[in-house]
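Given next are the chains, with one letter for each unit.
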Amino acid sequence: MKLFLLIWFLIGVAVLPFIFLSYAAVGLEKIQKYLDARNKLFKDINHLISIMKQEDSSEEDIEEALEAFRKHFLAFEDLAKDSQPYQDRLNFISALSSRESISIDDVINYREEFVRANPSLKKEISTVVNIIVKKREKEARKRQNYSYESVDGLSGVNIKTKAD
């Protein structure tokens, strides 16, 4: 009887590594499917644009979207200017430039990077970025001209200009 239990115990111990390896293989397969789906999404410029437009996108997602744009979509001077892929790339640049979490200095640096990759499109890229940079600067000046103070006992806000 003891020999019988010992044999079953040894068989169980011998089989354990195979069980663990099979669970690991299934887990790795699920991870690989997730990564493949994620990589496929990052090859879709509309997904990249949506990341840039979403206010709650994390800095990590923004950086990944920017890297994916550099890898898959950066050079586009060979595209026809009236084509959808061309417009999508300009829309990405516009969305990137509009992000409040990206400083204006960084936006200017990105503009220069995009122009270096597409020298024949310097005017178009610069126009898109410059319009948005001017809009952001105007909004920043407008915010600087107002200070907000809470009014005691009221749920409203008392707006005072700096000239007050």
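One can find the structure itself at the top, above this paragraph.
Reading guide: rules and limits
Residues numbered from 1 in each chain as written. Predicted model: local features only at pLDDT ≥ 70, side-chain atom pairs only at ≥ 80, totals over all residues. Heavy atoms only, no water. Helix = DSSP H or I, 4+ residues; strand = E, 2+ residues; numbered from the N terminus. Buried < 20%, exposed > 50% of the residue type's maximum accessible area, 1.4 Å probe, protein only. Contact = heavy atoms within 4.5 Å. Areas by Shrake-Rupley, 256 points an atom, 1.4 Å probe, with all protein chains shown as cover. Patch = residues over 30% accessible without salt bridge, like charges linked within 9 Å, V, L, I, M, F, W, Y side chains within 5 Å. Salt bridge = Lys/Arg side-chain N within 4 Å of Asp/Glu carboxyl O. Lys, Arg positive; Asp, Glu negative; His and termini not counted. Charge placed at Lys NZ, Arg CZ, Asp CG, Glu CD. Expected span 1.5 Å × (residues − 1). Core = buried A, V, L, I, M, F, W, Y, C linked by side-chain atoms within 4.5 Å. Arc of directions from axis to C-beta. Polar contact = N/O pair within 3.5 Å; in protein donor to acceptor, adjacent residues only side chain to side chain.

Brief notes about the overall build of the protein
Across its full length, the protein holds six helices and two strands. In the protein, which comprises 164 residues, the share counted as buried stands at 26%. Nonlocal contacts in the protein, meaning residues at least 24 apart in sequence, comprise 56% of its contacts between residues at least 6 apart. Accessible surface, the protein: about 11,900 Å² in total, of which carbon and sulfur atoms supply 58%.

Some words on a negative patch on the surface
A cluster of acidic residues, Glu55, Asp56, Glu100 and Glu139, forms a negative patch on the protein surface. Within the secondary structure layout, Glu139 lies in helix H6 (residues 122–144). Of the residues examined, Glu139 reaches a relative accessible area of 31% and is grouped as partly exposed.

Quick notes on the pattern of salt bridges
Under the defined criterion, the tally for this structure stands at seven salt bridges. Between Lys33 and Glu29 there is a salt bridge whose closest N-O contact spans 3.7 Å. Residue Lys33 and its partner Glu29 are both found in helix H1 (residues 2–41); the two are separated by four residues, about one turn of the helix. Between Glu112 and Arg111 there is a salt bridge whose closest N-O contact spans 2.8 Å. Assessed through its relative accessible area of 32%, Glu112 is described here as partly exposed. Salt bridges sharing common partners tie together Arg38, Asp61 and Glu64.

Points about H6
For H6, which comprises 23 residues, the first-to-last C-alpha distance of 32 Å matches the rise-based estimate of 33 Å (1.5 Å per residue) to within 8%. Among the residues of H6, those classed as buried are Ile125, Ser126, Val128, Val129, Ile132, Val133 and Arg136. Check the buried side of H6 and you find it contacts helix H4 (84–98) and helix H5 (104–117).

Re the side chain of Glu113
Within the element layout of this structure, Glu113 appears in helix H5. Excluding anything up to four places from it in sequence, Glu113 contacts Arg70 and Leu74.

Side note on the nonpolar core
With 30 residues, the main nonpolar core has Leu48, Phe69, Phe92, Ile93, Leu96, Phe114 and Ile125 as its most contacted residues. Listed by contribution, the elements that provide at least two residues to this core are helix H2 (45–53), helix H3 (59–72), H4, H5 and H6. With six residues, H4 is the largest single contributor of residues to this core. Those residues within four positions of Ile125 in sequence are excluded, and the remaining contacts are Phe76, Leu90, Ile93, Arg111, Phe114, Val115 and Asn118.

Details of H2
Burial in H2 covers these residues: Ile45, Leu48, Ile49, Ile51 and Met52. Along the long axis of H2, the arc covered by the buried residues comes to 155°, so they all point the same way. Where H2 is buried, its residues contact H3 and H4. Put simply, Asp44 is the residue that caps the front of H2, since its side-chain oxygen is 3.1 Å from the backbone nitrogen of Asn46.

Examining the side chain of Asp88
Within the fold, Asp88 resides in helix H4. Of the side chains with opposite charge, Arg89 lies nearest to the buried Asp88, which makes no salt bridge, at 6.0 Å. Not counting the four nearest positions on each side in its chain, Asp88 is found in contact with Ile45, Asn46 and Ile49.

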